[in-house]
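# Remarks on the overall topology
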Amino acid sequence: MKRFLLFLIAIFAFMSASAQSKQQLELADNYLKLYADYAVTEMQRSGVPASITLAQGMLESNYGRSELTTKANNHFGIQCGKYWKGKRVEHMDNGELRQFRKYKSALESYEDHSNFLIINNRYRSLFELEITDYKGWAYGLKKAGYAEDPAYAEKLIKIIEMYDLDKYDVVAGEAVEKKDGAEQTEAAQETVQKDEEKVEKQSEEKADKKERKSDKSDKKADKKSDKKDKKKKKDAENKGTSTEGKSSTYRYSLSREMYSQNGVLFIYAYEGETYSDIARQYGLFLREVLSFNDVSAEATLSCGDIVYLQAKKRKAAKGCEEYRVQGEISMLEISQMFGIKLKSLYRLNDVDEEYAPSVGEIIILR
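Below or above, wherever it landed, is the structure these notes cover.

### A word on the overall build of the protein chain
Regarding its fold elements, the protein chain presents 14 helices and 7 strands. Once local pairs closer than 6 in sequence are excluded, the contacts in the protein chain between residues at least 24 apart make up 64%. Carbon and sulfur atoms provide 51% of the accessible area of the protein chain, an area that totals close to 20800 Å².

Here you go:
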């Protein structure tokens, strides 16, 4: 009789475990159907592996069922922080009542997750890893302090391997290679700029008027150079070798990873690379690349330097209001770090070109 009872208990435990396993698979499948495309799109835009994004989303949101997710669309447990200006919600976390970011939609949460990792310097080293190195990313996130759980990295890896989430990293990589430059640019910019354009349109127009006045003399000086550039471009088009003009029609090289900061595309320079090399590779005029990066023709590059492929913005991304100087750094380096035009950074802080920031000083970014 005793053996029979033990047998029944074992059978019940097995059936219960099987039921739980089946339910878990269904939850994971439903989550992936809803959000896998968001993770892939964000990987193409930001360089954050889709497998890592999905694993974090599943873990932090309990497959989309947590209270924080259902009432605030917060899939990644991101707290408000000092500079968050959006909506917020109070939520108990590890026995403490804390404030978390509240989003209009899950898509907005996914976008902010990528931006959060891009903007914070402590995660910068992760972007030097291979896009398929999900283990390196998992341990890197834990080391950088993303979560308090000591087993956070192992949990992410277990989820990725349990549901084969690394296959989305390959899908994302192939999707980038198949796109031409115009499509890649549009995909990279669309999610970041969509909301910003509506809110900032008026302030941008006012800033444009001021900048046109201050740049009037520069434009006159560049007039002859522009004519020569236009002639070169026209000759190239007649020969059928031109890359298409400006803005979203650039033909970007697809052989290297691109990133986005403040809605502006950039790459990291290779060892020995020059601005001229990058201009040729991406079908841009050297003058444009130098202008995008606020440098002169004599400027040189070091391995790992940020090089923008589009004009930077006049202020930093939302939620990034100011920067506290932590070491020796120039205003140009700050402008590159946050994707802000150097002239705008000077104007925001009411300083001139000779200004050098001091450790501990606050630099206004918006």
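Past the structure itself, the notes keep going.
### A closer look at helix α5 (residues 134–144)
If you check which residues of α5 are buried, you get Tyr134, Trp137, Ala138, Gly140, Leu141 and Ala144. Mapping the buried residues of α5 onto a view down its axis gives an arc of 165°, with all of them on the same face. Among the structural elements, α2 (50–61), α4 (106–119) and α6 (152–162) are those in contact with the buried residues of α5. One or two positions beyond α5, positive phi appears at glycine 145, with a value near 95°.

### Some words on the packing of helix α13 (residues 331–338) against helix α14 (residues 342–349)
Following both chains from N to C, one finds α13 and α14 inclined at 110°, their axes separated by 9 Å at the closest point. Regarding the angle of α13 to α14, the classification is roughly perpendicular. On α14, the residues that touch Met331, Leu332, Ile334 and Ser335 of α13 are Leu342, Leu345, Tyr346 and Asn349.

### Focus on the packing of aromatic side chains
Summed over the entire model, instances satisfying the criterion amount to 17 aromatic pairs. Consider the rings of tyrosine 35 and tyrosine 110, whose centres lie 5.9 Å apart with planes at 20°: the pair is stacked. Placement of tyrosine 35 in helix α1 (residues 2–46) and of tyrosine 110 in helix α4 is noted, with a sequence separation of 75 residues between them. With respect to class, tyrosine 35 is no different from tyrosine 110; both count as buried.

### Description of the side chain of serine 46
Relative to the helices and strands, serine 46 resides in helix α1. Judged by relative accessible area, which is 0%, serine 46 ranks as buried. A distance of 2.6 Å separates a polar atom in the side chain of serine 46 from the backbone oxygen of glutamate 42. A distance of 3.3 Å separates a polar atom in the side chain of serine 46 from the backbone nitrogen of valine 48.

### Observations concerning the sheet that holds strand β5 (residues 306–308)
The strand order across the open sheet formed by 3 strands is β3-β4-β5, and the pairing between neighbours is antiparallel. The outermost strands of the open sheet, each flanked by one partner alone, are β3 (259–261) and β5. Between one strand axis and the next, the sheet turns through 45° on average, direction left out of account. Across 3 bridges, the pairing between β3 and strand β4 (residues 264–268) is antiparallel. For serine 260, the partnering residue across the bridge sits in β4 and is leucine 265. Its contacts with the sheet place α13 against β3 and β5, and it is angled at close to 65° to β5.

### Observations concerning the pattern of salt bridges
Pairs can form between side chains of opposite charge once their charged atoms are near each other. Summed over all chains, the structure comprises 12 salt bridges. Put simply, arginine 98 and glutamate 96 hold a salt bridge, and the shortest N to O gap is 3.4 Å. Glutamate 321 is the partner of arginine 366 in a salt bridge, and the nearest nitrogen-oxygen pair spans 3.8 Å. Remark: glutamate 321 occurs in the loop between β5 and β6 (322–324) and arginine 366 occurs in the segment after β7 (362–364); sequence separation between them is 45 residues. On the basis of relative accessibility, which here comes to 26%, the residue arginine 366 falls in the partly exposed class. One salt-bridge network, in which partners are shared between bridges, spans Asp93, Glu96, Arg98 and Glu148.

### Quick look at the packing of α2 against α6
Look at α2 against α6: their axes get within 9 Å of each other, and the N-to-C directions meet at 110°. By the criterion of interaxial angle, the relationship of α2 to α6 is roughly perpendicular. On the side of α2, the interface is formed by Ser51, Ile52, Ala55, Gln56, Met58, Leu59 and Glu60, while α6 contributes Tyr152, Lys155, Leu156, Ile159 and Ile160. Taken together, the residues of the contact of α2 with α6 sort by class into 8 nonpolar, 2 polar and 2 charged.

### Some remarks on the nonpolar core
Soluble globular proteins tend to pack their nonpolar side chains together in the buried interior. Of all hydrophobic cores here, the largest spans 68 residues; its most connected members are Leu54, Met58, Leu117, Tyr146 and Leu165. The element that contributes the greatest number of residues to this core is α1, accounting for 9 residues. Ignoring anything within four residues of it in the chain, the contact list for tyrosine 146 reads Gln56, Glu60, Phe76, Ile78, His113, Phe116, Leu117, Tyr123, Leu141 and Tyr152. Core analysis: the second largest hydrophobic core is formed by 17 residues, Ala317, Val325, Phe338 and Ile340 among them.

Parameters and conventions
Residues numbered from 1 in each chain as written. Predicted model: local features only at pLDDT ≥ 70, side-chain atom pairs only at ≥ 80, totals over all residues. Heavy atoms only, no water. Helix = DSSP H or I, 4+ residues; strand = E, 2+ residues; numbered from the N terminus. Contact = heavy atoms within 4.5 Å. Areas by Shrake-Rupley, 256 points an atom, 1.4 Å probe, with all protein chains shown as cover. Buried < 20%, exposed > 50% of the residue type's maximum accessible area, 1.4 Å probe, protein only. Arc of directions from axis to C-beta. Axes fitted to C-alpha atoms, helices over the stretch in contact; angles between N-to-C directions. Parallel < 35°, antiparallel > 145°, perpendicular 65-115°, else oblique. Phe/Tyr/Trp six-rings, centres within 6.5 Å; stacked < 30°, edge-to-face > 60°. Polar contact = N/O pair within 3.5 Å; in protein donor to acceptor, adjacent residues only side chain to side chain. Pairing = 2+ DSSP bridges. Salt bridge = Lys/Arg side-chain N within 4 Å of Asp/Glu carboxyl O. Nonpolar A, V, L, I, M, F, W, Y, C, P; charged D, E, K, R; others polar. Core = buried A, V, L, I, M, F, W, Y, C linked by side-chain atoms within 4.5 Å.

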